[in-house]
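The primary structure of each chain is shown beneath.
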Amino acid sequence: DMPFFEAVAASVARLGPTASIFMDGAELRYHSLGYGWAGQLTVATDAAPFVSLTRLLPAVTLIMAASIAAAWTRQLTRVWWAPALATLLLVTGGFVGATFGVILNFDSPSQALTSGWLLAFSLAVMTALRERGFAWFLPVIAALTIAMTGGKISTGAGSSSIFATCDSGSVSPLAEVS
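Residues numbered from 1 in each chain as written. Predicted model: local features only at pLDDT ≥ 70, side-chain atom pairs only at ≥ 80, totals over all residues. Heavy atoms only, no water.

## Section: the nonpolar core
Soluble globular proteins tend to pack their nonpolar side chains together in the buried interior. With 28 residues, the main nonpolar core has Tyr35, Ile68, Trp117, Leu119 and Phe121 as its most contacted residues. Secondary structure elements with two or more residues in this core: helix H1 (2–15), helix H2 (33–45), helix H3 (51–76), helix H5 (109–131) and helix H6 (134–151). For this core, the leading source of residues is H5, giving 10 residues. Beyond its immediate sequence surroundings of up to four residues, Ile68 is in contact with Gly116, Leu119, Ala120 and Leu123. (Core = buried A, V, L, I, M, F, W, Y, C linked by side-chain atoms within 4.5 Å. Buried < 20%, exposed > 50% of the residue type's maximum accessible area, 1.4 Å probe, protein only. Helix = DSSP H or I, 4+ residues; strand = E, 2+ residues; numbered from the N terminus. Contact = heavy atoms within 4.5 Å.)

Here it is in structure tokens:
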């Protein structure tokens with residue numbers, strides 16, 4: 001799959017999100033935002049093929065997911081070691097369960113990147129509900145929704161489930177753990 005992903009990344013960086021090196025004159029409807037980022041980084045840095053996609057994107061995804069997990073856990077508990085444990089479980093669970101499509105599945109760069117965006121989206125929505133200041137978070141939530149849709153449309157199912165499980169009158173899932 002990686003040669004295809006690298007070709008999509010190069011195509012998006014050079015031709016834009018809909019034109020394709022695979023089909024002359026036809027449009028390729030593919031989740032191109034993550035691949036476009038990797039391809040544009042390759043072009044901008046004059047990196048060798050596969051470097052951005054196989055080295056930089058996984059590192060960025062790992063740092064993003066670990067940071068969000070730690071920040072979110074810190075909001076939920078005052079136990080000093082809980083953010084480290086959440087990060088450890090996210091990272092090790094990602095590698096152990098990579099065949100089941102969990103967050104750190106580097107076989108699908110778009111899945112890994114949009115999973116990090118889904119974590120950020122979830123944190124923004126939950127924080128907005130807890131703070132009762134949804135309007136302040138709306139630009140962030142909107143930007144992350146666009147990023148997730150452009151990154152991988154199936155991530156939208158995860159984002160819609162957040163709204164489905166939250167009762168607008170209650171934020172009990174957000175209660176602080178002592």
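Further notes follow.
## Comments concerning the packing of H1 against H2
Relative orientation of the contacting elements H1 and H2 amounts to 75°, with a least axis distance of 7 Å. Judged by the inter-axis angle, H1 sits roughly perpendicular to H2. Here Phe5, Val8, Ala9, Ala10, Val12, Ala13 and Arg14 of H1 come into contact with H2, specifically with Tyr35, Gly36, Gly39, Gln40 and Val43. Residues that form the contact of H1 with H2 fall into these classes: 8 nonpolar, 3 polar and 1 charged. (Axes fitted to C-alpha atoms, helices over the stretch in contact; angles between N-to-C directions. Parallel < 35°, antiparallel > 145°, perpendicular 65-115°, else oblique. Nonpolar A, V, L, I, M, F, W, Y, C, P; charged D, E, K, R; others polar.)

## Things to note about the confidence of the model for the protein
On average, residues of the protein carry a pLDDT of 78, and 80% of them reach 70 or more. The secondary-structure element of the protein with the lowest mean pLDDT is helix H7 (residues 155–165), recorded at 64, while H3 shows the highest, at 89. For the stretch residues 97–101, pLDDT sits under 50, and the model shows 3 contacts to residues farther than four places along the chain or on other chains. Here residues 167–178 scores under 50 on pLDDT; set against residues more than four positions off or in separate chains, the count is 16 contacts. (pLDDT = per-residue confidence, 0-100.)

## Regarding a nonpolar patch on the surface
A contiguous nonpolar patch, built from Phe4, Leu15, Ile21, Phe22 and Met23 and spanning about 430 Å² of accessible area, is present on the exposed surface. Structurally, Ile21 is set in the loop between H1 and H2. Ile21 gets classed as exposed once you look at its relative accessible area, which sits at 51%. (Patch = residues over 30% accessible without salt bridge, like charges linked within 9 Å, V, L, I, M, F, W, Y side chains within 5 Å. Areas by Shrake-Rupley, 256 points an atom, 1.4 Å probe, with all protein chains shown as cover. Salt bridge = Lys/Arg side-chain N within 4 Å of Asp/Glu carboxyl O.)

## Re unusual backbone geometry
What you tend to see is this: most non-glycine residues have negative phi, and most peptide bonds are trans. Positive phi outside glycine occurs at Asp46, with the angle close to 55°. Note that Asp46 resides in the loop between H2 and H3. A residue is classified by how much of its surface remains accessible, and Asp46, at 70% relative accessible area, is exposed.

## Points about H3
With 26 residues, H3 extends 37 Å from end C-alpha to end C-alpha; this agrees with the ideal 38 Å at 1.5 Å per step. Its axis deflected by about 30° at Leu57, H3 carries its strongest bend there, up to four residues before the proline Pro58. Those residues of H3 lying buried are Ser52, Leu53, Leu57, Pro58, Thr61, Met64, Ala65, Ala66, Ile68, Ala69, Trp72 and Thr73. (Expected span 1.5 Å × (residues − 1). Bend = angle between axes of the 7 residues up to and from the residue.)

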